Amino acid sequence: MRRPTSSTWRRGAAIAVTVVCVAYAPVAMTELWPYARPGAPAFGEWLLGRAVSPSYVADALATRIRHYRHSLLPMIVHSVLGGVLMLLGPAQLLTAARRRRRLHRVLGVVFAVTVYASMAGAGIYLARTAPEDAFSGAAFWLVLATILVGTVLSVSFGILAAVGGFPDLHQRWMLLCYGFLLTAPLLRLEWGGLPLLLPGLSMAEINQVAIMHLGSLVAFGALIASRTLDRRTVLDGVSGSWAPLPVLAAAHLAGAAALAWIVHSCLGFGATGRRLLVAYLLPYAVTYVVMAAGARRAGRQGRTWAREEWRLHLTALCLAPVLSAGATPLFERTLGLDLPTALSAGITIGCGVLATAATSVVSLRVMYARELRRRATADPAISTRPDSRVPVP
């Protein structure tokens, strides 16, 4: 039997993402209709009620009505435009792959404006809702706020990269942006799937489990997509590493210490803490193994640019637990949260924030390399490695 090639995997992943996005678009657009007009059709509720149970959906609906009603219009704008973004994302990937540059630029402007408008609606809701009043509590509110900031920053940096003539960085930032947006359909899939593994939990409790690893999924998905699309072996102007072995070793030690504290703390919270810990550690471990293996494989094959990007993201992943542990007492003191809630909030934002930071460092690495090339062109005495003269696509 013939083994699937890399192109087959890429095509399959693109088809899977497109199917999820297109299927979720009508769900997003109609999700809040029942709050505005009771009895209005909502495809997501209908599907979820049959996948799990009508009472599971009804209980969740009852707890959300009061807090959604005072921000209903902004939330409807947010959800309807979110459905539009689910359709625009695959369209952008297709136009980029087919090199339809003019159409890609036009759709890109529409995409960016829609992101800003949709996130403005979400921002109004978050500003009007106290963290403890959010669906699933303060940790979920903080996750929503982090996703909002991450989405706005990534699309903004994507625009700046395009204007500045960095198509490779534009690609990375837009993939990260879409990764943040995909947390919405991924969460809905977990609403339907996790009750099969964890029967008896409410949707609010399922949310608490799901948000423990959505940040890891964003980091993993965006990086895998970036590395799949970037086939350059080396990058002109890049030599050495910004994440040498001593830095990687220090990041591992700091991350291991923070993880040990997180594990010890979660185990003290009983069955709930153990459930949340497993939901965090398993995806984190898979993401770590893939990044470490990618960096090692790239190094053995002499693909220095791929190795550098893998190592920068691996360093950030190792430091994510450090950020989570450091954010926990901050959330306790500033928001008045108890330790379990503060720790859960810290864990949920760690990987997403550090994935954004890693993409920023990669961007600086590419920009610095171009500056070195510019100086080498201006002054022939300055030279770069002769084997790294590969044009940026």
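Above this text you will find the structure in question.
Note that this is a predicted model, so its numbers are computed, not measured. Along each chain, residues carry numbers from 1 onward, in the same order as the chain's sequence is written. The predicted origin of the model limits local features to residues at a pLDDT of at least 70 and limits the giving and counting of side-chain atom pairs to 80 or more, whereas totals for whole chains, interfaces and linings rest on all residues. Think of the side-chain values as coming from all heavy atoms in the structure, minus any hydrogens and water.

A. Local environment of the overall build of the chain. Where helices and strands are cited, they refer to DSSP runs of H or I of at least four residues and of E of at least two residues respectively, numbered from the N terminus. Looking only at helices and strands, one finds 14 helices and zero strands in the chain. Helices and strands appear in the chain in the N-to-C order α-α-α-α-α-α-α-α-α-α-α-α-α-α. Computation of the radius of gyration draws on C-alpha atoms, with the globule rule given as 2.2 Å multiplied by the number of residues to the power 0.38. What you see for the chain is a C-alpha radius of gyration of 22 Å, in line with the 21 Å of a compact globule of 393 residues. Across its three principal axes, the chain shows a C-alpha extent of roughly 70 × 50 × 50 Å. Within the span of the chain, comprising 393 residues, buried residues form 46% of the whole. When contacts within the chain are restricted to residue pairs at least 6 apart in sequence, those whose partners lie at least 24 apart make up 76%. Here the chain displays about 19200 Å² of accessible surface, and carbon together with sulfur accounts for 68% of that area. Partly exposed residues are those whose accessible area sits between 20% and 50% of the maximum for their type, while under 20% is buried and over 50% is exposed, using a 1.4 Å probe and protein chains only. Residue contacts are counted whenever heavy atoms from the two residues lie within 4.5 Å of one another. What sets the accessible areas is the Shrake-Rupley method with a 1.4 Å probe; for residues, cover comes only from the shown protein chains.

B. Highlighting the packing of aromatic side chains. In this analysis, rings of Phe, Tyr and Trp, with Trp reduced to its six-membered ring, are considered paired at centre separations within 6.5 Å, and the interplanar angle assigns stacked below 30 degrees, edge-to-face beyond 60, and tilted for intermediate values. Considering all chains together, one arrives at four aromatic pairs under this definition. Both rings, one in Phe-111 and one in Tyr-178, keep their centres 6.2 Å apart while their planes meet at 40°; by these two values the pair is tilted. Of this pair, Phe-111 sits in helix H6 (residues 101-128) while Tyr-178 sits in helix H8 (residues 167-181), and the two are 67 residues apart along the sequence. Pairing Trp-242 with Tyr-368 gives two aromatic rings, centres 6.0 Å apart and planes at 45°, and the pair type is tilted. Of this pair, Trp-242 sits in the loop between helix H10 (203-229) and helix H11 (245-267) while Tyr-368 sits in helix H14 (residues 339-378); the two residues are 126 residues apart in sequence, bridging distant segments of the chain. Classification of Trp-242 by relative accessible area gives partly exposed; the value is 37%. Exposure remark for Tyr-368: the relative accessible area of 43% places this residue in the partly exposed category. Directly above the ring of Phe-166 sits Arg-370, whose terminal nitrogen or CZ lies 3.7 Å from the centroid. A ring has a charge above it when a Lys NZ or an Arg CZ is no more than 6 Å from the ring centre and no more than 35 degrees off the ring normal.

C. Spotlight on the packing of helix H9 (residues 183-197) against H10. Packing of H9 against H10 brings their axes to within 9 Å, and their N-to-C directions diverge by 130°. Put simply, H9 runs oblique to H10. At the point where H9 passes H10, the crossing takes the right-handed sense. In this structure, H9 uses Thr-183, Leu-186, Leu-187, Glu-190, Trp-191, Leu-194 and Pro-195 to contact H10, whose residues at the interface are Met-203, Ile-206, Asn-207, Val-209, Ala-210, His-213, Leu-214, Leu-217 and Val-218. Only Asp, Glu, Lys and Arg are considered charged in this grouping, and only Ala, Val, Leu, Ile, Met, Phe, Trp, Tyr, Cys and Pro are considered nonpolar; every other residue, Gly among them, is considered polar. Tallied by class, residues from the contact of H9 with H10 come to twelve nonpolar, three polar and one charged. Fitted lines through C-alpha atoms serve as axes, helices being fitted only where they are in contact, and the angles separating the N-to-C directions of these axes extend from 0 to 180 degrees. Any angle between 65 and 115 degrees counts as roughly perpendicular, while under 35 counts as roughly parallel, over 145 as roughly antiparallel, and the rest as oblique. Should the near helix be turned anticlockwise from the far one by less than a right angle, the crossing is termed left-handed; should it be turned clockwise, right-handed.

D. Geometry of the nonpolar core. Nonpolar cores were defined as sets of buried Ala, Val, Leu, Ile, Met, Phe, Trp, Tyr and Cys residues, with membership established by side-chain atoms within 4.5 Å. Membership of the largest hydrophobic core comes to 88 residues, with the highest contact counts inside it found for Met-86, Phe-111, Leu-181 and Phe-331. Apart from the residues within four sequence positions on either side, Leu-181 is in contact with Leu-85, Met-86, Phe-111, Val-115, Met-119 and Thr-151. Ranked by size, the runner-up nonpolar core spans eleven residues in total, among them Phe-166, Leu-169, Trp-305 and Leu-312.

E. How the structure looks around unusual backbone geometry. Even without glycine at this site, Ser-136 takes up a positive phi of about 75°. Structurally, Ser-136 is set in the loop between H6 and helix H7 (138-163). Its relative accessible area of 14% is what places Ser-136 among the buried residues.

F. Representation of helix H12 (residues 270-300) within the structure. Between its terminal C-alpha atoms H12 stretches 44 Å, which fits the 45 Å expected from 31 residues at 1.5 Å a residue. Along H12, the positions that sit buried rather than exposed are Gly-273, Leu-276, Leu-277, Ala-279, Tyr-280, Pro-283, Tyr-284, Thr-287, Met-291, Gly-294, Ala-295 and Ala-298. For H12, the elements touching its buried residues are H10, H11, helix H13 (304-335) and H14. Gly-302, located one to two residues past H12, shows a positive phi value of around 75°. For a helix, the expected span equals 1.5 Å multiplied by the residue count minus one.

G. Up close: the side chain of Glu-308. Position of Glu-308 among the secondary structure elements: in helix H13. Residue classification places Glu-308 among the buried positions, given a relative accessible area of 2%.

H. Fine view of the state of the cysteines. Pairs of cysteine sulfur atoms within 2.5 Å are what we label disulfides. Tallying each qualifying case throughout the model produces zero disulfides. Note on Cys-266: no disulfide assigned, nearest cysteine sulfur contributed by Cys-351 at a separation of 13 Å. On the basis of relative accessible area, Cys-266 is assigned to the buried category, the value being 4%.

I. Broad picture of a nonpolar patch on the surface. Residues enter patches when their relative accessible area tops 30% and they take part in no salt bridge; the joining distance is 9 Å for like charges and 5 Å for the nonpolar side chains Val, Leu, Ile, Met, Phe, Trp and Tyr. A pair is scored as a salt bridge if a Lys or Arg side-chain nitrogen falls within 4 Å of a carboxyl oxygen belonging to Asp or Glu. Taken together, the side chains of Trp-242, Val-361, Leu-364, Met-367 and Tyr-368 make up a nonpolar region of the molecular surface, amounting to roughly 460 Å² of accessible area. By the secondary structure assignment, Val-361 is in helix H14. Relative accessible area serves as the criterion here: at 31%, Val-361 is assigned to the partly exposed category.

J. Layout of H8. Between the first and last C-alpha of H8 there are 21 Å, a value that for 15 residues agrees with the 21 Å anticipated at 1.5 Å per step. H8 sits mainly inside the fold: twelve of its 15 residues count as buried. Burial in H8 covers these residues: Asp-168, Leu-169, Arg-172, Trp-173, Met-174, Leu-175, Leu-176, Cys-177, Tyr-178, Gly-179, Phe-180 and Leu-181.

K. View of the environment of Ala-14. Examined against the element boundaries, Ala-14 turns out to sit in helix H1 (residues 6-30). Between the C-alpha atom of Ala-14 and that of Ala-327, which follows or precedes it by 313 residues, the distance is 35 Å.

L. Structural detail: the pattern of salt bridges. A full pass over the atoms with the stated rule returns ten salt bridges. Two residues, Glu-309 and Arg-227, come together in a salt bridge whose shortest N-O distance is 2.7 Å. Separated by 82 residues along the polypeptide, Glu-309 in helix H13 and Arg-227 in helix H10 bring together distant segments of the chain. Pair check on accessibility: Glu-309 and Arg-227 agree, each one buried. The salt bridge involving Glu-371 is made with Arg-374; its shortest N-O contact spans 2.6 Å. A residue pair is termed a helical-turn pair when its members lie 3 or 4 positions apart in one helix, as Glu-371 and Arg-374 do in helix H14 at three residues. Linked through salt bridges whose partners overlap, the residues forming this network are Asp-168, Arg-172, Arg-227, Asp-230, Arg-232 and Glu-309.

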